[in-house]
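# Analysis of the macromolecular model
The residues making up each chain are set out below.
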Amino acid sequence: MRIEMIKLTHKQRWALLSVALYIVFVIAAITTGFLDPSKVGLQWTIFWYFCGAGLAYYFYFKNVSYREVVYYAQKLGLHKDDLKAMVSKLKETQDVPDPDKPNFFSPFAKVPITVVNELTDQLEPQAQQANIPPYK
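Residues numbered from 1 in each chain as written. Predicted model: local features only at pLDDT ≥ 70, side-chain atom pairs only at ≥ 80, totals over all residues. Heavy atoms only, no water.

## Some words on the packing of aromatic side chains
The geometry of two aromatic rings is summed up by the distance between their centres and the angle between their planes. This model, assessed by the stated rule, comprises 11 aromatic pairs. Seen from their ring centres, phenylalanine 25 and tyrosine 49 are 6.0 Å apart, and the 70 degrees between their planes marks the pair as edge-to-face. Highlighted residues: phenylalanine 25 in helix H1 (residues 10–32) and tyrosine 49 in helix H3 (residues 42–76), separated in sequence by 24 residues. Members of the aromatic cluster, each reached through a chain of ring pairs, are Tyr22, Phe25, Phe34 and Tyr49. (Phe/Tyr/Trp six-rings, centres within 6.5 Å; stacked < 30°, edge-to-face > 60°. Helix = DSSP H or I, 4+ residues; strand = E, 2+ residues; numbered from the N terminus.)

Here is the structure:
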């Protein structure tokens, strides 16, 4: 009997990782009781569960967007300086992804989602013109 591994796309992997992180948060909240409605109130308990879900979604979206920029930049032969030139208003405290040395996780503070979105908007059409398959 041959067991084949299920091939997951990058987006599916990040989604699974995000859901797993949220499940860990919920289990930690239940087992430690730090979000017990009798201690903090039902409204605050619901609020923090929604915040956890929102952070898990942000984690997913930011990392998928970051990896998408790195994917297209590598396929197009672009480097960090090329990406910096593509961003219109880059602040001194902000940075762009480095296709030559990508981080596994998107740096939360250094590479903001606005920069990644702006780069994605510019790189996708270039990739389509170069017949590069879409990021999955």
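Now that the structure has been shown, the text picks up again.
## Regarding the packing of H1 against H3
Two quantities define a packed helix pair, namely the angle between the helix axes and the distance between the axes. Packing of H1 against H3 brings their axes to within 9 Å, and their N-to-C directions diverge by 155 degrees. In terms of orientation, H1 and H3 fall into the roughly antiparallel class. With respect to the hand of their crossing, H1 and H3 are arranged in right-handed fashion. Where H1 abuts H3, its residues Lys11, Trp14, Ala15, Leu17, Ser18, Leu21, Tyr22, Phe25, Val26, Ala29 and Ile30 lie against Trp48, Tyr49, Gly52, Ala53, Ala56, Phe59, Tyr60, Asn63, Val64 and Arg67. In terms of residue class, the contact of H1 with H3 is built from 16 nonpolar, three polar and two charged. (Axes fitted to C-alpha atoms, helices over the stretch in contact; angles between N-to-C directions. Parallel < 35°, antiparallel > 145°, perpendicular 65-115°, else oblique. Left-handed = near helix turned anticlockwise from the far one by under 90°. Contact = heavy atoms within 4.5 Å. Nonpolar A, V, L, I, M, F, W, Y, C, P; charged D, E, K, R; others polar.)

## Some words on the pattern of salt bridges
Summed over all chains, the structure comprises two salt bridges. Across the pair lysine 84 and aspartate 95 runs a salt bridge, and its minimum N-O distance is 4.0 Å. Here aspartate 95 lies in the loop between helix H4 (80–86) and helix H5 (113–129) and lysine 84 lies in helix H4, a separation of 11 residues in the sequence. Residue class for aspartate 95 comes out buried when judged on its relative accessible area of 13%. (Salt bridge = Lys/Arg side-chain N within 4 Å of Asp/Glu carboxyl O. Buried < 20%, exposed > 50% of the residue type's maximum accessible area, 1.4 Å probe, protein only.)

It is worth stressing that arrangement in space is one thing and function is another; only the former is reported here.
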